[in-house]
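Residue-level listing of the chains:
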Amino acid sequence: MPRAPPPRPSEDARLAAYKPGVDVVRSRRRREDRLLAVRRSNRDAGLFKRRRDEPTPTPIPPARAATPSSQADDVPTTTAAASPPSSAPSSPPSSPPAESVPPTAADSELEGLSEMVEKVWSDDTTSQLEATIQFRRLLSDEKNPTVIKIIRADVLPRFSDFLSRHEHPQLQMEAAWVLTNIAASDYTLLVAECGAVPRLVQLLESANANIRHQAIWALGNIAADVPTCREIVLDHGAVTPLLAQFREGMKVPVLRTATWALSNLCFGKLPAEVQVKPILDIISQLIHSVDEKILGDACWALCYICDGVSDGIQHVLDAGACPQLVNLLMHASANILLPVITVLARISSGDDAQVQVLVENDILNYLAPLLARNYPKSIKKQACLIVSNISTGSKDNIQAVIDADVISPLIFLLKTSEKDIKEEAAWAISNAASGGSNDQIQYLVSRGCLEPLCNVLTYQDADLIYACLEGLQNILQAGAVGKQGQGSTVNPYAQFILECGGLDKLEDLQEVDNDAIYKLVMKLLEGYWDEEVSDDDPNLPTSNDSAETVETASEDAAQPTEPSASPNESE
């Protein structure tokens, strides 16, 4: 007998909320917010690690510190104090510590903070330089919480003034270094608002390469903070002089810092007055670098441009970055694979023509190993997302997915992985099933997709459940066509869904408070299981009714098989 549905809201109420079908564009973009959140999380974690792990310079003996040539050899740091800043007042002045240093040396030097402040505000250049070097040493010791004490001493405006002392390049260098390390702390906004940014931008044109490098580093730390700080840097026109730093013969450490700073400037929405093409001209060269730090930051910059610029995806494609990005999917380092595959996932959320560029660059054949091998979860999720977005397109795209032998590893992930990867794999399989031809559906079923798809019906994501139902609907329609062609009375796919417990899950969905899901569930139940089925039903096929059952072949099968054996969903 036909099933009596449970009481539901009025017909008008259900029709008002009813979603008639899948919008291809909506389906492709359905998880952009989630992707952006993940990307931002990864980006923030990467920035913290970068700032924390940069090497801290070895303390310089006083005699050497006063020599300009020795200062030029020092390596700046983006690391400030690692422990929480102390709010205790400064200690009374004391004599300067020895450079040989027990662990408490920086604390001892803090005892002379008042004297250091007096020297910074004096009119004597030698005293100013000596005190600035002392401040820089304190801030370079990441084990000592000195930032808050220095900030309370109200010396930031003075260091900002020192940036304009072009007749004293060593003082400029040391002042920029101090501001760099303060900008790496929790007090970045104070650096951005003390008047230092326009002076740092001006230092990008300095004749001294070390000063330019330090200015890049400081601006990169400022831009890496809150959007307000980044906007201050952009408003003072930092992009053009920063791009001018990328020149032939540029030293690798400087190139790393400049690429990192550029990626920080690209994070978020770029102002309309910022020209994207010159940025992409540089980045499209940087993504060919053999240096992993340069390569990783360049790829993150591309990802940010895709999100932060109007028509950013098209700009990236027009710059010719896609072929190299696809090639980079073979890179051995997961630190490179993550930004690369994130950019490609963002491109895959574009329009049909943009997605087709990925297909034409043979991305699917590069994705298969990423899905099948032991790569980090974040990489597998993005790979599933790309396949999902490609599968949302035409039957030719679905066939390309099948030809690349991506379906079997996707189904394996759908059966065995963590829940979040299962969800991404379920989107990919559901999209392929929703738009596939009868032959393509037969291939999907032969790979063992039906049971794991039915298991998706118990998930909490309503959009995913609806997409899965649409996939099952197309599968059942293909089964009905096959049944008629074989002169059978049983839809083999409906029979397998019954036997694997899928029918029970469909019935449970009648209680879900979602009108679109309810309508589609009722359509499937009434269309393919219009009577209760019991174990003693004479219409049930026996094991010998080979014409009325579904075969699910092993994952190694290259072509679908005819539905001629009892259901068996082996991997």
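Residues numbered from 1 in each chain as written. Predicted model: local features only at pLDDT ≥ 70, side-chain atom pairs only at ≥ 80, totals over all residues. Heavy atoms only, no water.

Draft legend 1. Just the side chain of Ser185, in detail. Counting through the fold element by element, Ser185 comes out in the loop between helix H11 (169-183) and helix H12 (188-193). Since its relative accessible area comes to 9%, Ser185 is described here as buried. From its side chain, Ser185 meets the backbone nitrogen of Tyr187 in a polar contact 3.1 Å long. (Helix = DSSP H or I, 4+ residues; strand = E, 2+ residues; numbered from the N terminus. Buried < 20%, exposed > 50% of the residue type's maximum accessible area, 1.4 Å probe, protein only. Polar contact = N/O pair within 3.5 Å; in protein donor to acceptor, adjacent residues only side chain to side chain.)

Draft legend 2. Inspection of the packing of helix H7 (residues 113-120) against helix H8 (residues 125-140) at higher detail. Where H7 meets H8, the axes come as close as 7 Å, and the angle between the chain directions of the two elements is 135 degrees. Classified by the angle their axes make, H7 and H8 are oblique. Judged by the twist between their axes, the crossing of H7 over H8 is left-handed. Residue-level contacts link Leu113, Met116, Val117, Lys119 and Val120 of H7 to Ser127, Gln128, Glu130, Ala131, Thr132, Gln134, Phe135 and Leu138 of H8. Residues that form the contact of H7 with H8 fall into these classes: seven nonpolar, four polar and two charged. (Axes fitted to C-alpha atoms, helices over the stretch in contact; angles between N-to-C directions. Parallel < 35°, antiparallel > 145°, perpendicular 65-115°, else oblique. Left-handed = near helix turned anticlockwise from the far one by under 90°. Contact = heavy atoms within 4.5 Å. Nonpolar A, V, L, I, M, F, W, Y, C, P; charged D, E, K, R; others polar.)

Draft legend 3. Expanded view of the environment of Ser289. Note that Ser289 resides in the loop between helix H18 (276-286) and helix H19 (292-308). Discounting residues that sit within four places of it in the chain, Ser289 has contacts with Ile294 and Leu295. In terms of polar contacts, Ser289 uses its side chain to reach the backbone amide nitrogen of Asp291, at 3.0 Å.

Draft legend 4. Inspection of H11 at higher detail. When the terminal C-alpha atoms of H11 are compared, their 21 Å separation across 15 residues agrees well with the 21 Å that a helix rising 1.5 Å per residue should span. Most of H11 is tucked away: 14 of the 15 residues are buried. (Expected span 1.5 Å × (residues − 1).)

Draft legend 5. Summary view of helix H13 (residues 196-203). Buried within H13 are the following residues: Ala196, Val197, Leu200, Val201 and Leu203. What you see down the axis of H13 is that its buried residues fit within an arc of 155 degrees, all on one side. In this structure, the buried side of H13 is in contact with helix H10 (156-162), H11, H12, helix H14 (209-223), helix H15 (227-235) and helix H16 (239-243). (Arc of directions from axis to C-beta.)

Draft legend 6. Quick look at the confidence of the model for the protein chain. Scored by pLDDT, the protein chain comes out at a mean of 79, with 72% of its residues at no less than 70. Per-residue pLDDT stays below 50 along residues 42-103; that stretch engages in 125 contacts with residues further than four places along the chain or on separate chains. The low-confidence segment residues 532-571, where pLDDT is below 50, has 93 contacts with residues more than four positions distant or belonging to other chains. (pLDDT = per-residue confidence, 0-100.)

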